[in-house]
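Residue-level listing of the chains:
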Amino acid sequence: MKEPACTAPPDNFEKPLQDTEIKTTTCCMCACRCGIRVHLRDGQPLYIDGNPRHPLNQGVICAKGSAGLMKQFSPARLTQPLRRKAGAERGDGDFEPISWDEALSLLESRLRHVRATDPKQFAFFTGRDQMQALTGLFARQFGTPNYAAHGGMCSVNMAAGMIYSIGGSFWEFGGPDLDHAKLFVMIGTAEDHHSNPMKIALGKFRQRGGRFIAINPVRSGYAAIADEWIPIRPGTDGALFMALLHELIHAGLVDRAFLQRFTNAPQLVALDEGEREGLFAFDPGAGPAPDGRNPHNKLAWDQASNAVVVAYPQGVEPGRDLALEGHFTLPDGTRVAPAFQLLRERVAEATPDWAEALTGIPAARIRRLARELGETALRHGEALPIPWTDAWGQRHADVPLRPVAFHAMRGLAAHSNGFQTVRALSVLMSVLGTIDAPGGFRHKAPYPRHIVPNYRAFNDPDKLQPNTPLDAQPLGFPASPEELAVHADGTPLRIDHAFSWAYPLAVHGLLHNVIANAARGDPYRIDTLLIYMANMAWNSSMDPLEVRKALNARDASGEHCIPFVVVCDAFQSETVAYADLVLPDTTYLERHDAMSLLDRPISEFDGPMDSVRVPVLPPLAQCRPFQDVLVELASRLGFPLFTQADGSRKYADYADFIQRYEHQPGIGFLMGWRGEHGRELRGAPNPRQWEDYARNDCVFHHKLPAHMQYRRNWNRDYLDFGKAMGWRQRNCPIQLVLYADTLQTFRLAAQGKRPGRQPPDHLRERVAAWFDPLPFWAPPLEDGVSDARAFPLHAITQRPMAMYHSWDSQNAWLRQLHSRNALHVHPATARAAGVQDNGWCWVESRWGRVRCRLRCSEAVEPGTVWTWNAIGKAPGAWQLPAGADESREGFILNHLLSATLPLAEGPLANADPITGQAGWYDVRVRLRPCEPGEEGETAPKPATVPAPPGVLGVGAALRLLKARFAPGRSA
C-alpha cells in the first residue's frame, strides 16, 4: 500500500504558544459541565484543556472534553436552514436551502395558528439539552402541555424514586461524599456519568485506603479499579436491596435515633380497611389529614408515656422515645402500626437465599455485605465537630459520620421495575442514617426538595385555552390522583400519556412515546412536532425502524399523520432526514448558555454553584443558537413574558433574556453577581452579569458556612436560606419517606376505596400492584411476555467513557477510540451458544435480531450480554465516509427492543408503570452462530442517509482545520 505523501506544515506552525489567547468557558461534551480553557491563535482554536481554577473539575479533562475541538470541525455540521422539497418523501433527505427569515416566518405562521386554535397540537420534545428551564418556559407560555426532555428515557426512575423518598437524588442533585467515606458501593453506573469529578474523588478515596465495591453485570470503567466486583443479573438490584434490608433490620444494624427523629419510620399507619387504610393517622384537632402537599399532621407512639403523640414537634421533644415496632390502638379504636414495623414485615421473607435465586449473588456474600454496610456506618464514634440547629430548634454539637457511600444511576433506573428498586435503595441508605451525613449521600443546592416537591404539573383540561399560557409548568410532581393530567373520563391530556393513569408519576415525560402516539392519534392528532437534540430515528428509540415508519405514516386522505416535523440540531443525524424544516444549531463554543439553579445545577456539596458558556468563536456560516431562536419565536408570537405591555419585544436575544428575566423578584436564571453592583445572591438584574461570569472563569460558587452543609433536610439555617433564595416555598423539615403515603393514595383509588378520581377499569390492577407505599421487587414487565427458556439471556448497553449518548458519533478524534463495537459475552455463554471468540453471531429477541461480532470476556455476568451503545450508524449518517466502521461493524441493540408490550391491560409502553421510564435493559435474548456466508457486516442495515444541502462535509472541514495554523489562507 502506497503511503500518503507528507506535506509541509503551514508557515506559522512553529509560532510559539506564548502568542496564544486563552478564553474560558464551560464544556458541553457530556453533562458534567467542567471548566475548560480554549487556546486560540489569531482567533483560531488550537486546543482545549481543563481549567485548573474551576471548582468542579480542577483542571482535569477527559477524552471527550479535549476532543471538543473536533466537534467544531465536524463534517456533519449543518450550516443553513433547510425545507423539505414539495413532493419529497421524509427520509430521502431531499431539501432546499432557505433563509432564516423564511424559516422563522414559516414556523411563526404555523405556530401562531396552532396557538390560536388548539395549543396542545404543538408538541415540543428535547433530548439531553441543558436548558430545560428555558424550553419548559417556552412550552408553558405557548400554552401546550406537550413538552418533555430526555429524562423519561434516561434516568427518571432515579430522580423520581429518590426525590419522592429523600428529597434529592444522585447526579446533579446529590452524590457520594467520598472525602469522608470508608466504604463505597457503586451500583449500575456507566463510566461516563459525572466522569471527571468522580475520577478525582475516587482517586483520593482509594489513596486514603477506602474500600470500593462495584455491583454491576459488567466490570468496566470505574468497576475495573474496584476492590471487589459483585456481578448481578440485570433488573434484580431491588431484590438485593430488600435482602440487605432484611439482614440489617434482623441484626439491629439500623440508626434508630436517626429513624425516630428524621424519618417517617415512627409515624403511625392506619390498618383498618376503608378510605384511610394504609394512610397515616392524624389529629383532626390539629388540621386536615396529611397529604403530599401538607405532610406534617401525623401521629407516633411514645414509649416513655405509652401514649400517642403528635409526631412533631411534640414527638421530637427531649425525653421522647418513639416506637419503631409494634401494633397499637388509638383512642378512637383505629388499629395502627409504625411505618418501620410495616417495613420490617415487608422484608421478613426477603432473605438472602431468596435474593440469591434472583440475583445470582451467593446468599453468604449478601449477608457479609449487609454486615459490612451496617458495621461501617454505625459502629464507630466519629463525628465532625460542627454545631448545627435542627428544624425544631434543638442544638446539636456535632454531625455524626456515616462513612458508607453509594452511587447508582441508569443501571438501576432503566428497568420497568426501577422506581421501586430506587425506592429500596433510598430506604437502605436511610435506615443507615447516611442521608446528608459526612461519608454518606450529600445533597447539592437547591436540594433537598419537599416531599412531594412543590411543583404541580399542568393538569386541568378546562384551562387549556387558545393564546393562553398554562397556569403551571408542563412537568411537575403529582401528590395525589387529583393532580393527574387526565380528562373526566380518565383519558390522557398529554400526547405522551405522562401523568395519566398508565404512568402517573412521569415527572420527566415520555419522549419515547411521542412519535408513535402522535402517528396513531392517541389520544389525539397533533399538528407540529419540534424535536431538539434527539436522534429519534436511530439510537434514541427502542425500535428505530418502526419510528421511521411512524414519521412517514399517512392517514386515509394521504396526509402525514404528523403533519409538520421540525428538527433543530448542530449535526446531520439519521433524524434530520425526516424533518420538514431543519434549523442549524451552534456548537457550545459559539453561544451563550446558562447552567442554572432553576434547571440542572452543577452545585457542589458545600454550596450552590452555577455556570455559563460564553462565545469563544463566532457561529459557523448561518448557524444560530437554538436559545436565540426560542427567544425570537416567543417574541414574534407575543408570549406575555417575552413582550412589553404594548406588545413590543422585551428581550433582544437569549443573553439579554438571561440577564434581565426574573423568575421571582430578585431571582433569575443565574445566582451570581446579582444586584445593581453585582454583589448580591438575590437582587435586581445586573447589566454586567455576563462580564462578571466571564471574568471569573464562567462559574459562580457560593460556599455555605459549615453549620449549613449537613443534615439539610432538617437544618434550620439551611432551610431558612433556601427559602430566602427562592428554592422552596416553606422552611419546614423534610422528613425521609420510608413509607410513601403519596403512593398509597393512588392504590386506594385503584381499589375503589377512595373518593375522587378513579383509574379506568383496565388499569386498576396495574395501579394497585405497583403503587405500593413500601418498596418491593417484581420482575421487569418483559419477563411476563418473553419466554425465559427461549430467550435465556439479558442484553444491556453501556456508554463508553469517551462518548456521551451519540453526541460525538462524528468526532474524528473520538472515533479513533470507538468506531466499532462487539457483543461482550462470558466464555461459558459463548461456548453454550456455539459461537467462537471474535466470531459472528445473531443475537435475537422476541422483537427483532441483530448480526454482530462477539468477543469473550470474563468481566461479564454469565447470563448477560452487553455492548457499547450508539456506536452503530446508518450508512451516510453524520457524514461518515462510505464503508465506515460504524455502519459495517458497528451496531445498536435498539433493534432488539419493543417500545410497546402486549400486557394483560392491553398494549402499553415498555416502561415503568409508575414513572414511564423506558425499560431499556429488560430485553431477553438468545445467541446463535452465523451461517457460512452471513459474516462480515452487521445487520440490520438501513438505507443510506443522504447528505443534506449545506452540510459542511469533509473537504470544508479539512480547510477549516488547516486555517487553525494558517489563518491567512482561504478556508
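Being a predicted model, the structure only gives us computed values, none of them experimental. (Residues numbered from 1 in each chain as written. Predicted model: local features only at pLDDT ≥ 70, side-chain atom pairs only at ≥ 80, totals over all residues. Heavy atoms only, no water.)

### Digging into the overall build of the protein
Heads up, the condition is: By definition, any uninterrupted DSSP run of H or I lasting at least four residues is a helix, any uninterrupted run of E lasting at least two residues is a strand, and each is numbered from the N terminus. In this treatment the radius of gyration is a C-alpha quantity, and the globule benchmark scales as 2.2 Å times the residue count to the 0.38 power. Exposure categories follow from relative accessible area, calculated using a 1.4 Å probe and restricted to protein chains: below 20% of the type maximum is buried, above 50% is exposed, and the middle band is partly exposed. Should any heavy atoms of two residues lie within 4.5 Å, those residues are considered in contact. All accessible areas in this document rest on Shrake-Rupley with a 1.4 Å probe, and a residue is counted as covered only by the protein chains that are shown. This count recognises Lys and Arg as positive and Asp and Glu as negative, with His and chain-terminal groups excluded. One atom stands in for each charge, and that atom is NZ of Lys, CZ of Arg, CG of Asp or CD of Glu.
The helix and strand inventory of the protein stands at 25 helices and 36 strands. In summary, the protein has a C-alpha radius of gyration of 28 Å against a globular reference of 30 Å for 971 residues, a match within 12%. Reported as C-alpha extents along the three principal axes, the dimensions of the protein are approximately 90 × 70 × 65 Å. The burial tally for the protein puts 66% of its 971 residues in the buried class. A fraction of 71% describes how many contacts in the protein between residues 6 or more apart in sequence connect residues 24 or more apart. For the protein, the computed accessible surface area is about 32300 Å², with 51% contributed by carbon and sulfur atoms. Of the side chains in the protein, 103 bear a positive and 105 a negative charge, and the two mean positions are spaced by 3 Å.

### Focus on helix α19 (residues 716-724)
Applicable threshold: Read the arc as the range of directions from the helix axis to the C-beta atoms. Pairs of N or O atoms are called polar contacts if they sit within 3.5 Å, as long as, within protein, a hydrogen donor faces a hydrogen acceptor (for residues adjacent in sequence, only side-chain-to-side-chain pairs).
Every buried residue belonging to α19 is among Tyr 718, Leu 719, Phe 721 and Gly 722, and all of these are buried. Viewed along the axis of α19, the buried residues span an arc of 160 degrees, placing them on a single side of the element. N-capping of α19 is provided by Asn 715, with a side-chain oxygen placed 3.2 Å from the backbone N of Asp 717. Positive backbone phi, at 85 degrees, marks Gly 726, one or two positions downstream of α19.

### Structural notes on the side chain of Lys 444
As a reminder, the rule being used: Here, a salt bridge means any side-chain nitrogen of Lys or Arg that lies within 4 Å of a carboxyl oxygen of Asp or Glu.
Here Lys 444 shows up in the loop between β22 (441-443) and α14 (514-520). Among buried charged residues, Lys 444 stands out as having no salt bridge; its nearest opposite-charge side chain is Glu 604, 4.5 Å away. Setting aside its immediate chain neighbours within four residues, Lys 444 contacts Trp 171, Glu 172, Phe 173, Gly 174, His 194, Ser 603, Glu 604 and Phe 605.

### Focus on empty space enclosed by the protein
Formally: The definitions used throughout rest on a 1 Å grid laid over the protein atoms alone, on which a cavity is an enclosed set of points accommodating a 1.4 Å probe that cannot get out and a pocket is an open set flanked by protein within 12 Å on both sides along at least five of seven lines; lining residues are those having an atom within 4 Å of a point. Grid points are joined across faces, edges and corners, and a volume is the space filled by probe spheres set on the points. Gly is placed with the polar residues, together with every amino acid not listed as nonpolar (Ala, Val, Leu, Ile, Met, Phe, Trp, Tyr, Cys and Pro) or charged (Asp, Glu, Lys and Arg).
Following the criterion strictly, the structure yields 13 cavities of 30 Å³ or more and no others. Along the wall of the largest cavity there are 40 residues; nearest its centre are Asn 539, Ser 540, His 805, Ser 806 and Trp 807. Of all the elements, strand β29 (residues 793-798) adds the most residues to the lining of the largest cavity, at 3 residues. Its residues assigned to classes, the lining of the largest cavity comprises 21 nonpolar, 12 polar and 7 charged.

### Focus on the layout of surface pockets
Put simply, the second largest pocket is a space of about 530 Å³. Listing elements by their share of the lining of the second largest pocket, those giving two or more residues are β8 (174-176) and α6 (195-207). Here the lining of the second largest pocket takes 5 residues from α6, the largest share from any one element. For the lining of the second largest pocket, the class distribution of residues is 10 nonpolar, 8 polar and 8 charged.

### Some details on the pattern of salt bridges
Following the criterion strictly, the structure yields 65 salt bridges and no others. Of the charged contacts in the structure, one is a salt bridge between Lys 120 and Asp 118, with a shortest N-O distance of 3.1 Å. Salt-bridge contacts for Arg 815 lead to Glu 886; the nearest nitrogen and oxygen are separated by 2.6 Å. Here Glu 886 lies in helix α24 (residues 885-888) and Arg 815 lies in helix α22 (residues 812-815), a separation of 71 residues in the sequence. What emerges from the salt-bridge pattern is a single network uniting Glu 108, Arg 112, Glu 632, Arg 636 and Arg 649.

### Observations concerning helix α4 (residues 132-142)
In terms of burial, α4 is a largely internal element, 10 of the 11 residues being buried. Regarding α4, the residues found buried are Gln 132, Ala 133, Leu 134, Thr 135, Gly 136, Leu 137, Phe 138, Ala 139, Gln 141 and Phe 142. Looking one or two places after α4, you find Gly 143, whose phi comes out positive at around 105 degrees.

### Details of the packing of aromatic side chains
Where we set the bar: Only Phe, Tyr and Trp rings are paired, with Trp represented by its six-membered ring, and only when their centres lie within 6.5 Å; those with planes under 30 degrees apart are stacked, over 60 edge-to-face, the remainder tilted.
Evaluation of the coordinates by the stated rule reveals 39 aromatic pairs. Aromatic side chains Phe 173 and Tyr 447 sit 4.6 Å apart centroid to centroid with 40 degrees between the ring planes, which places their arrangement in the tilted category. Taken together, the residues Phe 173 in the loop between α5 (156-166) and β8 and Tyr 447 in the loop between β22 and α14 connect sequence positions 274 residues apart. Each member of the pair, Phe 173 together with Tyr 447, is buried.

### What to know about the pairing of strand β16 (residues 335-338)
Heads up, the rule is: Between any two strands, at least two bridges found by DSSP are needed for them to pair.
In this sheet, β16 lies alongside strand β12 (residues 268-270) in antiparallel orientation, the contact comprising 3 bridges. Residue pairing in the sheet places Leu 268 in a bridge with Pro 338 of β16. Pairing of strand β15 (residues 328-329) with β16 involves 2 bridges; the strand directions are antiparallel. Its bridge partner being in β16, Thr 329 is matched across the sheet by Arg 335. The hairpin turn running from β15 into β16, its antiparallel successor, is 5 residues long, and Gly 333 in that turn takes a positive phi close to 95 degrees.

### Let's talk about the sheet that holds strand β10 (residues 211-215)
For clarity, the threshold we go by: Throughout, an axis means a line fitted to C-alpha atoms (over the contacting stretch in the case of helices), and angles, computed between N-to-C directions, take values from 0 to 180 degrees.
Spatially, the 4 strands line up as an open sheet ordered β11-β10-β9-β21, and their pairing is parallel. Strands at the two margins of the open sheet, each flanked by one partner only, are β11 (228-230) and β21 (404-408). Strand-to-strand twist across the sheet, computed as the mean angle between neighbouring axes with direction ignored, equals 20 degrees. As defined by bridge partners, strand β9 (residues 183-187) adjoins β21 across 5 bridges and the pair is classed as parallel. Its bridge partner lying in β21, Met 186 is registered against His 407.

### What to know about the confidence of the model for the protein
How we decide: As a per-residue quantity, pLDDT reports the predictor's confidence and falls between 0 and 100.
Residue-level pLDDT values for the protein average 94, and 97% of them are 70 or greater. Confidence drops under pLDDT 50 across residues 1-13; counting only partners more than four residues distant or on other chains, this segment forms 11 contacts.

### Quick word on unusual backbone geometry
Looking along the chain, the bond that leaves Asp 522 and enters Pro 523 is cis, with omega of 10 degrees. Among the secondary structure elements, Pro 523 is positioned in the loop between α14 and β23 (528-532). Note that the residue after Ala 939, namely Pro 940, is joined by a cis bond; omega there is 5 degrees. The backbone of Asp 42 shows a phi angle near 55 degrees, a positive value even though the residue is not glycine. With respect to the helices and strands, Asp 42 occurs in the loop between β2 (35-41) and β3 (44-50). For His 497, which is not a glycine, the phi torsion comes out positive at approximately 70 degrees. Residue position: His 497 is located in the loop between β22 and α14.

### Comments concerning the sheet that holds β2
Sheet strands pair via backbone hydrogen bonds, and the direction of the pair is either parallel or antiparallel. Across the sheet, which stays open at both edges, the 3 strands sit in the order β1-β2-β3 with antiparallel pairing between neighbours. On the outer flanks of this sheet lie β1 (21-26) and β3, each paired with one strand and no other. Strand-to-strand twist across the sheet, computed as the mean angle between neighbouring axes with direction ignored, equals 30 degrees. Pairing analysis gives 6 bridges linking β1 to β2, with the strands arranged antiparallel. The partner of Thr 25 across the bridge, within β2, is Ile 36.

### What about the packing of α4 against helix α16 (residues 626-636)?
The condition is simple: Geometric relationships in this document are graded by angle, where less than 35 degrees denotes roughly parallel, more than 145 denotes roughly antiparallel, 65 to 115 denotes roughly perpendicular, and other angles denote oblique. It is the rotation of the near helix from the far one that decides the hand of a crossing: anticlockwise by less than a right angle makes it left-handed, clockwise makes it right-handed.
Following both chains from N to C, one finds α4 and α16 inclined at 20 degrees, their axes separated by 11 Å at the closest point. As far as their axial angle goes, α16 and α4 are roughly parallel. As α4 runs across α16, the sense of the crossing is left-handed. Where α4 approaches α16, its residues Leu 134, Thr 135 and Phe 138 are matched on the opposing element by Gln 627, Leu 630, Leu 633 and Ala 634. Taken together, the residues of the contact of α4 with α16 sort by class into 5 nonpolar, 2 polar and no charged.

### Digging into the side chain of His 818
The topology assignment puts His 818 in the loop between α22 and β30 (823-825). In this view, His 818 contacts Pro 800, Ala 802, Met 803, Trp 868, Ile 871 and Glu 886; residues no more than four positions away in its chain are not counted.

### What to know about the nonpolar core
Heads up, the rule is: Definition used in this section: a nonpolar core is a set of buried Ala, Val, Leu, Ile, Met, Phe, Trp, Tyr and Cys residues joined via side-chain atoms within 4.5 Å.
Within the largest apolar cluster, 188 residues are counted, with the highest numbers of intra-cluster contacts made by Phe 657, Leu 823 and Leu 927. Aside from chain neighbours lying at most four places away, what touches Leu 823 is Cys 841, Val 843, Cys 852, Arg 853, Leu 854, Arg 855, Val 865, Trp 866, Thr 867, Phe 891, Leu 893 and Leu 927. Counting residues in hydrophobic clusters, the runner-up holds 101 residues, among them Ile 166, Leu 324, Ile 386 and Met 409.

### Comments concerning the packing of helix α7 (residues 237-251) against helix α11 (residues 363-378)
Interhelical geometry of α7 versus α11 gives an angle of 65 degrees and a closest axis separation of 9 Å. Here α7 and α11 pass one another in a crossing that is right-handed. Two secondary-structure elements touch here, α7 through Leu 240, Ala 243, Leu 244, Glu 247 and Leu 248 and α11 through Ile 366, Arg 367, Leu 369, Ala 370, Leu 373 and Gly 374. Partitioned by chemical class, the residues of the contact of α7 with α11 number 8 nonpolar, 1 polar and 2 charged.

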